[in-house]
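Examining the three-dimensional arrangement
Residue strings, one per chain:
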Amino acid sequence: MSALQPKKQKYRLQQKGRSLKRMKETRGTWLAFGDYGLQALTPAWITGAQLEAARRAMTHFLKREGKVWIRIFPDKPVTKFPAEVKMGKGKGGLSHYVVPIRPGRILFEVAGVAEGQARESLRRAMHKLPVKGKIVVSSR
């Protein structure tokens with residue numbers, strides 16, 4: 001299990017949900033906290049481990065200067081059967097948690113550092129994630 005997971009949930013298992021293809025995000029599409037952000041351009045499921053790797057890459061590059069916000073949280077449980085289990089024995093056990101990402105969602109925000117530093121840290125975070133992204137700048 002990854003470090004990023006919900007403390008408590010109403011139901012332990014969930015269904016997969018609708019396909020993320022051809023759907024644009026409607027919430028969380030603008031910068032709310034920082035001056036620079038990383039916006040997803042493709043749909044994907046991001047795991048807690050991938051999120052943590054991206055966060056570490058950013059904070060390592062920034063040398064713990066400035067402020068970093070993570071705008072998403074993995075709260076969707078994903079199940080998996082053990083190897084060589086026959087069909088028809090119910091749903092598999094809990095494997096890990098993910099966050100479904102649709103195009104347009106802001107994933108990370110950065111403030112308190114120079115523009116070059118912010119862009120490079122977000123670029124390094126992008127390499128750790130399974131989505132294509134773009135760096136957006138606040139108009140404030």
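This text gives an overview of the structure that appears in the document. All of these numbers come straight from a predicted model, not from anything done at the bench. (Residues numbered from 1 in each chain as written. Predicted model: local features only at pLDDT ≥ 70, side-chain atom pairs only at ≥ 80, totals over all residues. Heavy atoms only, no water.)

A look at the environment of lysine 91
Mapping lysine 91 onto the fold places it in the loop between strand 4 (76-80) and strand 5 (93-101). Taking the C-alpha atoms as reference points, lysine 91 and glutamine 39, separated by 52 residues in sequence, lie 34 Å from one another. Setting aside residues no more than four positions away along its own chain, lysine 91 makes contact with Leu13, Gln14, Thr79 and Phe81. Polar contacts involving the side chain of lysine 91 include one to the main-chain carbonyl oxygen of glutamine 14, which spans 3.3 Å. (Helix = DSSP H or I, 4+ residues; strand = E, 2+ residues; numbered from the N terminus. Contact = heavy atoms within 4.5 Å. Polar contact = N/O pair within 3.5 Å; in protein donor to acceptor, adjacent residues only side chain to side chain.)

Overview of the pattern of salt bridges
Tallied over the full model, the rule gives 8 salt bridges. Across the salt bridge formed by glutamate 52 and arginine 55, the nearest N and O atoms sit 2.7 Å from each other. Of this pair, glutamate 52 and arginine 55 are both found in helix 1 (residues 48-62), 3 residues apart, which corresponds to roughly one turn of the helix. Look at arginine 55 and you get partly exposed, because its relative accessible area is 27%. Salt-bridge contacts for arginine 56 lead to glutamate 52; the nearest nitrogen and oxygen are separated by 3.3 Å. Taken together, the residues arginine 56 and glutamate 52, both in helix 1 and 4 residues apart, mark about one turn of the helix. We classify glutamate 52 as partly exposed; its relative accessible area is 23%. Here the salt bridges do not stand alone but share partners, grouping Glu25, Arg102 and Arg105 into one network. (Salt bridge = Lys/Arg side-chain N within 4 Å of Asp/Glu carboxyl O. Buried < 20%, exposed > 50% of the residue type's maximum accessible area, 1.4 Å probe, protein only.)

A look at the nonpolar core
Core analysis: the biggest nonpolar cluster contains 22 residues, and Leu38, Ile46, Ile101, Leu107, Phe108, Leu129 and Val131 have the highest contact counts within it. Contributing elements (two or more residues each) for this core: strand 1 (36-40), strand 2 (44-47), helix 1, strand 5, strand 6 (106-111) and helix 2 (115-126). Non-local contacts of valine 131, meaning those with residues more than four positions away in its chain, are made with Ala40, Thr42, Ala44, Ile46, Ile101, Leu107 and Met126. (Core = buried A, V, L, I, M, F, W, Y, C linked by side-chain atoms within 4.5 Å.)

Brief notes about the side chain of glutamate 109
Looking at where glutamate 109 falls in the secondary structure, it is placed in strand 6. Judged by relative accessible area, glutamate 109 falls into the buried class, the value being 0%. At 3.1 Å, the side chain of glutamate 109 forms a polar contact with the backbone nitrogen of alanine 32. Within polar-contact distance, the side chain of glutamate 109 engages the backbone nitrogen of glycine 34 at 2.5 Å.

Observations concerning the pairing of strand 5
Of the pairings in the sheet, the one linking strand 2 to strand 5 comprises 4 bridges and is antiparallel in character. Among the inter-strand pairings, threonine 47 is bridged to a residue of strand 5, identified as valine 98. Relative to strand 5, strand 4 runs antiparallel, the two sharing 5 bridges. Pairing of lysine 76 across the sheet is with valine 98, part of strand 5. (Pairing = 2+ DSSP bridges.)

Concerning unusual backbone geometry
Positive phi values are uncommon outside glycine, yet lysine 63 reaches one of about 55°. On the secondary structure map, lysine 63 appears in the loop between helix 1 and strand 3 (67-70). The exposed category is assigned to lysine 63, whose relative accessible area is 66%. Not every positive phi belongs to a glycine, and arginine 64 is a case in point at roughly 60°. One can find arginine 64 in the loop between helix 1 and strand 3. Look at arginine 64 and you get exposed, because its relative accessible area is 79%.

Purely geometric stuff here, so don't read any function into it on its own.
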